[in-house]
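# Examination of the molecular architecture
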Amino acid sequence: MAHDRLPLAVFDLDGTLADTAHRQHFLEARPRDWDAFFAAAPDDPPLAEGIALARGSAEECEVVYLTGRPERCRADTVAWLAAQELPQGRLHMRRNDDRRPARRTKLDVLRRITRGRELRMLVDDDELVCDEAERAGFRVVRARWASTSAALKDAQERDGRT
C-alpha cells in the first residue's frame, strides 16, 4: 500500500509521549517562564504507554506528530523523537507567534492533513482538544497516563503556548 494511502495515527507530544512533570514548575511562577519550560524539553522522560502505542501504530498507519510546541523548538523535538526510536513522521508545530488555544490550532491542522485521508486516531492528553476533535467527528484516544498540572492545562488553553 502506498504510504500516502495508509490511515493516519496522530500523536501529541507533551503529556502523551513525553513526560513534562519535571518542567511544569516553570509554568507555576508568575510570569510563566516559557523559555525555561521549552529549554528543559530535551530532558523529558518518555511515557511508555504513548511510546508503545506510537510504535504499534506504525505497523498499519502513517504516524504524524502534532504538538502545541512552538516552531523554534523543532530541532530539540526532532532529536527527542529520534532518541526515543519513535517512527519517523511529519511533525506539525505551532507557529512561534500563534497564541490560539491548542484546541483551535490542532483542529485546524487535523482538518488540513486528513483531507482525503482516514484518521485512525488522534492521541492527546488535552481534554479540550479531545472534546473538540470528537465533536468534529475524529476518533480520539485520550492519553490519561501522565499527570498534568493545573498550570499546564491553563497554559494550553489561555496562553496558547503548548
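Please read these numbers as outputs of a predicted model, since none were measured by experiment.

## Digging into the overall build of the chain
Helix and strand counts for the chain come out as six helices and five strands. Overall, the chain shows an N-to-C arrangement of helices and strands of β-α-α-β-α-β-α-β-α-β-α. Burial analysis of the chain (162 residues in total) assigns 52% to the buried set. Summed over all atoms, the accessible surface of the chain reaches about 7900 Å², with 48% contributed by carbon and sulfur.

## A short note on the pattern of salt bridges
Evaluated as defined, the whole model comprises 21 salt bridges. Between Glu 134 and Arg 142 there is a salt bridge whose closest N-O contact spans 2.7 Å. We classify Glu 134 as partly exposed; its relative accessible area is 40%. Salt bridges sharing common partners tie together Arg 94, Arg 95, Asp 97, Asp 98, Arg 100 and Asp 108.

## As for helix H5 (residues 127–135)
All buried positions along H5 are accounted for by Val 129, Cys 130 and Ala 133. Burial along H5 is one-sided: seen end-on, the buried residues are contained in an arc of 100 degrees. Next to the buried residues of H5 lie helix H4 (102–113), strand E4 (119–124) and strand E5 (140–142). Near the N-terminus of H5, the side chain that reaches the backbone nitrogen of Leu 128, with its oxygen 2.9 Å away, is that of Asp 126. Positive backbone phi, at 95 degrees, marks Gly 137, one or two positions downstream of H5.

The rules behind these values
- Residues numbered from 1 in each chain as written.
- Predicted model: local features only at pLDDT ≥ 70, side-chain atom pairs only at ≥ 80, totals over all residues.
- Heavy atoms only, no water.
- Helix = DSSP H or I, 4+ residues; strand = E, 2+ residues; numbered from the N terminus.
- Buried < 20%, exposed > 50% of the residue type's maximum accessible area, 1.4 Å probe, protein only.
- Areas by Shrake-Rupley, 256 points an atom, 1.4 Å probe, with all protein chains shown as cover.
- Salt bridge = Lys/Arg side-chain N within 4 Å of Asp/Glu carboxyl O.
- Arc of directions from axis to C-beta.
- Contact = heavy atoms within 4.5 Å.
- Polar contact = N/O pair within 3.5 Å; in protein donor to acceptor, adjacent residues only side chain to side chain.

Geometry only, nothing functional implied.
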